[in-house]
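# Summary of structural features
Spelled out from the first residue to the last, the chains are:
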Amino acid sequence: MTDCIKMDVTERIALLTLNRPEKLNALNYETNDRMIELLDLIEDDQSIHAVILTGAGDRAFSAGGDIPEFAKSVRKGADVAIKEFVRRGQGMTARLESFSKPIVAAVNGIAFGGGCEITEAVHLAIASDRAIFAKPEINIGIPPTFGGTQRLPRLAGRKRALELLLTGDTFSPARAYELGLVNKVVPHEDLLREAYGLVNRILRHSPLAAARIITAVTRGINLSIAEGLQVESEQFARMVTTDDIHEGLNAWIERRTPYYTAT
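We now turn to the structure provided with this report. (Residues numbered from 1 in each chain as written. Predicted model: local features only at pLDDT ≥ 70, side-chain atom pairs only at ≥ 80, totals over all residues. Heavy atoms only, no water.)

This part covers the side chain of T54. Along the chain, T54 turns up in strand 3 (residues 50–55). Residue classification places T54 among the buried positions, given a relative accessible area of 6%. Of note is the side chain of T54, whose polar atom sits 3.3 Å from the side chain of N108. Beyond its immediate chain neighbours, meaning those up to four positions away, T54 contacts L15, L16, T17, L18, F61, A106, N108 and L192. (Helix = DSSP H or I, 4+ residues; strand = E, 2+ residues; numbered from the N terminus. Buried < 20%, exposed > 50% of the residue type's maximum accessible area, 1.4 Å probe, protein only. Polar contact = N/O pair within 3.5 Å; in protein donor to acceptor, adjacent residues only side chain to side chain. Contact = heavy atoms within 4.5 Å.)

What follows is the structure in structure tokens.
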């Protein structure tokens, strides 16, 4: 049986590939569960420092939730649908958002529904010029359920988000860049090279500092500025006792490249 998510590790980077190309990499329950399993494995593996997430095939990053599977849950009532579908999807995107190692989405094609919500949740994203985005849940009579009603307004602003959520219209990678969903749009053939390049620019630095930055931003973004500054202070304090902060300071003073051994 084909693994619904493939994992390949090269030089400290795990490449996770959504692997249901015949279904446009739709997110069935198995895929959601497997994503969390793999993230748990990666988090515990000290040899892996970052993740790139993409989709298999030439057409899709992910077309979103697996609607036939979801429909079976809906027919069992709201409690079952929330447990089997909503909590699963929200748990996955929350895990991606708060993951302690940098995650870069390489959006290689269709990113609808849950695929768009993954893009919203991850730390950074690069889109192929062939990518296409949409928030089409309204077309089947539901709101987004993997965090799209919450993250998209925070990224794009309330009115721009509501336009996409209420119309279900598709939008281009250029529009996704303008809205803050992706960091860059590149030619399709350069997508993975650009994603690896971005990750390697991050991996020049302390992995512990990167984790603290991710935590400070993720926890602080929805707090008041005073509460957010307290989170920032706490994350700094966690670095003070590490070898990385001393290596970074000494390297700067000595005008050399730092060498981080902490994991």
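More follows now that the structure is in view.
A positive phi angle, near 75°, is found at R12, a position not held by glycine. Summarising the element assignment, R12 is placed in the loop between strand 1 (5–10) and strand 2 (13–18). Even without a glycine there, the phi angle at R255 is positive, about 55°. You can see R255 is positioned in the segment after helix 11 (243–253).

The subject of this paragraph is the packing of helix 9 (residues 207–220) against helix 10 (residues 225–240). At a closest axis distance of 9 Å, the pairing of helix 9 and helix 10 adopts a crossing angle of 165°. When the axes of helix 9 and helix 10 are compared, the pair comes out roughly antiparallel. The handedness of the crossing between helix 9 and helix 10 is right-handed. Contacts between helix 9 and helix 10 involve L208, A209, R212, T215, A216, R219 and G220 from the first element and G228, V231, E232, Q235, R238 and M239 from the second. Each residue belonging to the contact of helix 9 with helix 10 can be placed in one class, and the counts come to 5 nonpolar, 4 polar and 4 charged. (Axes fitted to C-alpha atoms, helices over the stretch in contact; angles between N-to-C directions. Parallel < 35°, antiparallel > 145°, perpendicular 65-115°, else oblique. Left-handed = near helix turned anticlockwise from the far one by under 90°. Nonpolar A, V, L, I, M, F, W, Y, C, P; charged D, E, K, R; others polar.)

We now examine the sheet that holds strand 9 (residues 170–171). The 4 strands are arranged 4-6-8-9 in an open sheet whose pairing can be described as mixed. Of all the strands in the sheet, just strand 4 (60–62) and strand 9 have a single pairing partner and so form its edges. Sheet analysis places strand 4 next to strand 6 (residues 110–112), joined by 2 bridges and oriented parallel. Considered in strand 6, the bridge of A60 is made with I110. Along the sheet face, helix 4 (residues 114–121) touches strand 4, strand 6, strand 8 (132–134) and strand 9 and points at about 90° away from the line of strand 6. (Pairing = 2+ DSSP bridges.)

A word on the layout of surface pockets. Taken as a whole, the largest pocket encloses approximately 800 Å³ of empty space. Among the elements of the structure, helix 3 (78–98), helix 4, strand 7 (124–128), helix 5 (148–156) and helix 9 are those that each provide at least two residues to the lining of the largest pocket. Top element by residues in the lining of the largest pocket is helix 9. It accounts for 6 residues. Along the lines of polarity and charge, the residues of the lining of the largest pocket split into 16 nonpolar, 12 polar and 4 charged. (1 Å grid on protein atoms, 1.4 Å probe; cavity = no way out; pocket = protein on both sides within 12 Å on 5 of 7 lines; lining within 4 Å. Points joined across faces, edges and corners; volume = space filled by probe spheres on them.)

Turning our eyes to something else, we now look at the sheet that holds strand 10 (residues 184–186). Strand order in the open sheet made by the 6 strands is 1-2-3-5-7-10, with mixed pairing throughout. Either end of the sheet is taken by a strand with one partner, and the two such strands are strand 1 and strand 10. Strand-to-strand twist of the sheet, defined as the mean angle between neighbouring strand axes without regard to direction, takes the value 20°. The pairing of strand 5 (residues 103–107) with strand 7 spans 4 bridges and is parallel.

For helix 1 (residues 29–44), spanning 16 residues, the distance from its first C-alpha to its last is 23 Å, which sits close to the expected 22 Å at 1.5 Å a residue. Along helix 1, the positions that sit buried rather than exposed are Y29, T31, N32, M35, L38, L39 and I42. Residues of helix 1 that are buried in the fold lie against strand 1, strand 2, strand 3, helix 2 (67–74), helix 3 and strand 5. (Expected span 1.5 Å × (residues − 1).)

Relative to the helices and strands, L208 is located in helix 9. Taking C-alpha positions, L208 is 31 Å from G157, a pair spaced 51 residues apart along the chain.

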